[in-house]
Number of protein chains: 4
Amino acid sequence: MGYNSIVNAQDSKIIDRRLARIEGQVRGVRRMVEEEAYCVDILTQLTAVKSAIEQVSAAIASQHIKHCIVDQDQGHEQAKSMTKEELLDELDEVLGRLMR
Amino acid sequence: MGYNSIVNAQDSKIIDRRLARIEGQVRGVRRMVEEEAYCVDILTQLTAVKSAIEQVSAAIASQHIKHCIVDQDQGHEQAKSMTKEELLDELDEVLGRLMR
Amino acid sequence: MGYNSIVNAQDSKIIDRRLARIEGQVRGVRRMVEEEAYCVDILTQLTAVKSAIEQVSAAIASQHIKHCIVDQDQGHEQAKSMTKEELLDELDEVLGRLMR
Amino acid sequence: MGYNSIVNAQDSKIIDRRLARIEGQVRGVRRMVEEEAYCVDILTQLTAVKSAIEQVSAAIASQHIKHCIVDQDQGHEQAKSMTKEELLDELDEVLGRLMR
């Protein structure tokens, strides 16, 4: 059942909760702009949003490596249909984009 | 009227439109998680969100420098109450955080 | 022999070549500062250095995942002495820092 | 005398000292690769180098805004030959690149 197995359904819930919080943060920034908050305070808030996105991305990348590459048969259906070689090449490219 | 002057009200609308799009992107990522999209596709989407946040932050920082520091009297009320020295020290600290 | 095996000695050479180039780039930036180059040109050059460091980091992270985690027994001595669990926890923490 | 005035010559020295330290850090990373240090330790060191580059870039950007844009006649010769409008457009583009 891949990504939907018990362990991962739980992970998936945690990820969604973090994304929901990010969505709320972005809405908060919009409110700040509307209420003419001081630009520097808006920038501080946007820095926090960016950091939250980076952290959730790192968590998803970790889970991907763990469930889809190391324990490939526990992973997402798409990963199961790929060879280890293909998964590692894909990861190489993903990390290049995530770390810039 | 500071940040609310005609020129800036327009800027403010453009900023809000960009933030609205980012909010929509985050909602889209949540949908992807819910529908069990492939982790790598979720990461690609999150990279796009991060990039959009960086670009809107750069635009706000630019406007802040232009309207609050260079042409201080066109800027936000808060900026008008500060000395040039204070504004530059604050900017120094903000750039340090934004560029990391 | 782990990290020193034929495959990895080659990887190691490529990594060193990229780091040597980065060292040269930093020396070039110092020369620009000394010769009073225009600040914006110095910043452009520093952006290139940062990008080169991100790319070499991504490459090393990829190799680490491939040689030390997926094929643990081909990896570095230190990795061989750790459990898969410990390696994945360590990676989780490393990715969090690299992606910020 | 622009960038070469007493104040800025001092700034310039501080910048050079920071770049010299970065150059030394990169050399240190090369040594780690040569001595087959553990990949994760190399990555930790590269994260520190990246952070140092971001901080020196932020400092140079700050000085540029202060000396070349706000007090344009204290700035670099190149900045003196540009209009305020051109300097702000250029900055806009620079910040976009530095913040990504």
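Here's a quick rundown of the structure. (Residues numbered from 1 in each chain as written. Chains lettered and ligands numbered in written order. Predicted model: local features only at pLDDT ≥ 70, side-chain atom pairs only at ≥ 80, totals over all residues. Heavy atoms only, no water.)

Okay, the overall build of chain A next. The secondary structure content of chain A amounts to 4 helices and 0 strands. Expected size for 100 residues packed as a compact globule is a radius of gyration near 13 Å; at 17 Å, chain A overshoots this value by more than 25%. Based on the C-alpha atoms only, the size of chain A along its principal axes is roughly 50 × 30 × 15 Å. Burial analysis of chain A (100 residues in total) assigns 54% to the buried set. (Helix = DSSP H or I, 4+ residues; strand = E, 2+ residues; numbered from the N terminus. Rg over C-alpha atoms; globule rule 2.2 N^0.38 Å. Buried < 20%, exposed > 50% of the residue type's maximum accessible area, 1.4 Å probe, protein only.)

Here we come to the relation of the copies chain A and chain B. The operation relating the pair of chain copies consists of a rotation about an axis and a translation along that axis. For the pair chain A and chain B, the best superposition has an RMSD of 0.0 Å and corresponds to a rotation of 180 degrees with a translation of 0.0 Å parallel to the axis. The two molecules are tied by a two-fold rotation axis, judged by turn and shift. The overlap is high: 100% of the interface residues of chain A also sit at the interface in chain B, so the same surface is used on both sides. (Least-squares fit on C-alpha atoms with pLDDT ≥ 70 in both. Contact = heavy atoms within 4.5 Å.)

Here we come to the state of the cysteines. Put plainly, a disulfide is one covalent bond tying together the sulfur atoms of two cysteines. By the definition in use, this model includes 0 disulfides over all chains. Among the cysteines around B:Cys68, which has no disulfide bond, A:Cys39 carries the closest sulfur, lying 3.7 Å off. (Disulfide = S-S within 2.5 Å.)

It is at 10 Å that the axes of helix H2 (residues 39-70) of chain C and helix H2 (residues 39-70) of chain D come closest, and there the two elements cross at 165 degrees. Considering their axes alone, H2(C) and H2(D) lie roughly antiparallel with respect to each other. In this structure, H2(C) meets H2(D) at a crossing whose hand is left-handed. Here the contact of H2(C) with H2(D) is built from residues that sort into 22 nonpolar, 4 polar and 4 charged. (Axes fitted to C-alpha atoms, helices over the stretch in contact; angles between N-to-C directions. Parallel < 35°, antiparallel > 145°, perpendicular 65-115°, else oblique. Left-handed = near helix turned anticlockwise from the far one by under 90°. Nonpolar A, V, L, I, M, F, W, Y, C, P; charged D, E, K, R; others polar.)

The next thing to look at is the environment of B:Ala9. All names here are of chain B. On the secondary structure map, Ala-9 appears in helix H1 (residues 6-34). Under the relative-accessibility criterion, Ala-9 is labelled partly exposed at 35%. The spatial distance from the C-alpha of Ala-9 to the C-alpha of Ala-48 is 27 Å, given a sequence separation of 39 residues.

Residue pairs three or four apart in sequence face the same way in an α-helix, which turns once every 3.6 residues. For helix H4 (residues 84-98) of chain B, built from 15 residues, the straight-helix expectation of 21 Å at 1.5 Å per residue is met to within 8% by its first-to-last C-alpha distance of 20 Å. Taken together, the buried positions of H4(B) are occupied by B:Leu87, B:Leu88, B:Glu90, B:Leu91, B:Val94, B:Leu95, B:Gly96 and B:Leu98. Check the buried side of H4(B) and you find it contacts helix H2 (39-70) of chain A, helix H2 (39-70) and helix H3 (77-80) of chain B together with H2 and helix H4 (84-98) of chain D. (Expected span 1.5 Å × (residues − 1).)

For the rest of this paragraph, the subject is the interface of chain A and chain B. Counting residues at the interface gives 45 residues for chain A, matched by 45 residues for chain B. For the pair chain A and chain B, the two sides together bury roughly 4300 Å², of which 64% comes from carbon and sulfur. Taken together, the links from chain A to chain B amount to 10 salt bridges. A salt bridge links A:Glu54 to B:Arg100; its shortest N-O distance comes to 3.4 Å. Between the two partners, chain A and chain B, sit 18 residue pairs in polar contact (both at pLDDT 80 or more). (Buried area = accessible area lost by both parts, 1.4 Å probe. Salt bridge = Lys/Arg side-chain N within 4 Å of Asp/Glu carboxyl O. Polar contact = N/O pair within 3.5 Å; in protein donor to acceptor, adjacent residues only side chain to side chain.)

Its location among the elements puts D:Glu90 in helix H4. Within the buried core, D:Glu90 has no salt-bridge partner, and the shortest N-O distance to an opposite charge, that of D:Arg97, equals 7.6 Å. (Lys, Arg positive; Asp, Glu negative; His and termini not counted.)

With that out of the way, let us pick up the packing of H2(B) against H4(D). Interhelical geometry of H2(B) versus H4(D) gives an angle of 150 degrees and a closest axis separation of 8 Å. Classed by the angle they form, the pair H2(B) and H4(D) counts as roughly antiparallel. Crossing of H2(B) against H4(D): the hand is right-handed. Here B:Gln55, B:Ala58, B:Ala61, B:Ser62, B:Ile65, B:Lys66 and B:Val70 of H2(B) come into contact with H4(D), specifically with D:Lys84, D:Leu88, D:Leu91, D:Asp92, D:Leu95 and D:Gly96. Looking at the contact of H2(B) with H4(D), its residues break down into 7 nonpolar, 3 polar and 3 charged.

In a soluble, globular protein the nonpolar side chains are often hidden away together inside. With 135 residues, the main nonpolar core has A:Leu95, B:Leu95, C:Leu95 and D:Leu95 as its most contacted residues. Among residues more than four places away in sequence, those in contact with B:Leu95 are D:Ala58, D:Ala61, D:Ser62, D:Ile65, D:Leu95 and D:Met99. (Core = buried A, V, L, I, M, F, W, Y, C linked by side-chain atoms within 4.5 Å.)

Turning to the pattern of salt bridges, a few remarks are in order. Considering all chains together, one arrives at 32 salt bridges over all chains under this definition. A salt bridge links A:Asp16 to B:Arg30; the nearest nitrogen and oxygen atoms lie 3.0 Å apart. Of the two residues, A:Asp16 is situated in helix H1 (residues 6-34) and B:Arg30 in helix H1; the pairing between them involves two chains. Accessibility expressed as a relative area gives 26% for A:Asp16, which makes it partly exposed. Each member of the salt-bridge network shares a partner with another, and the members are A:Asp16, A:Glu23, A:Arg27, A:Arg30, B:Asp16, B:Glu23, B:Arg27 and B:Arg30.

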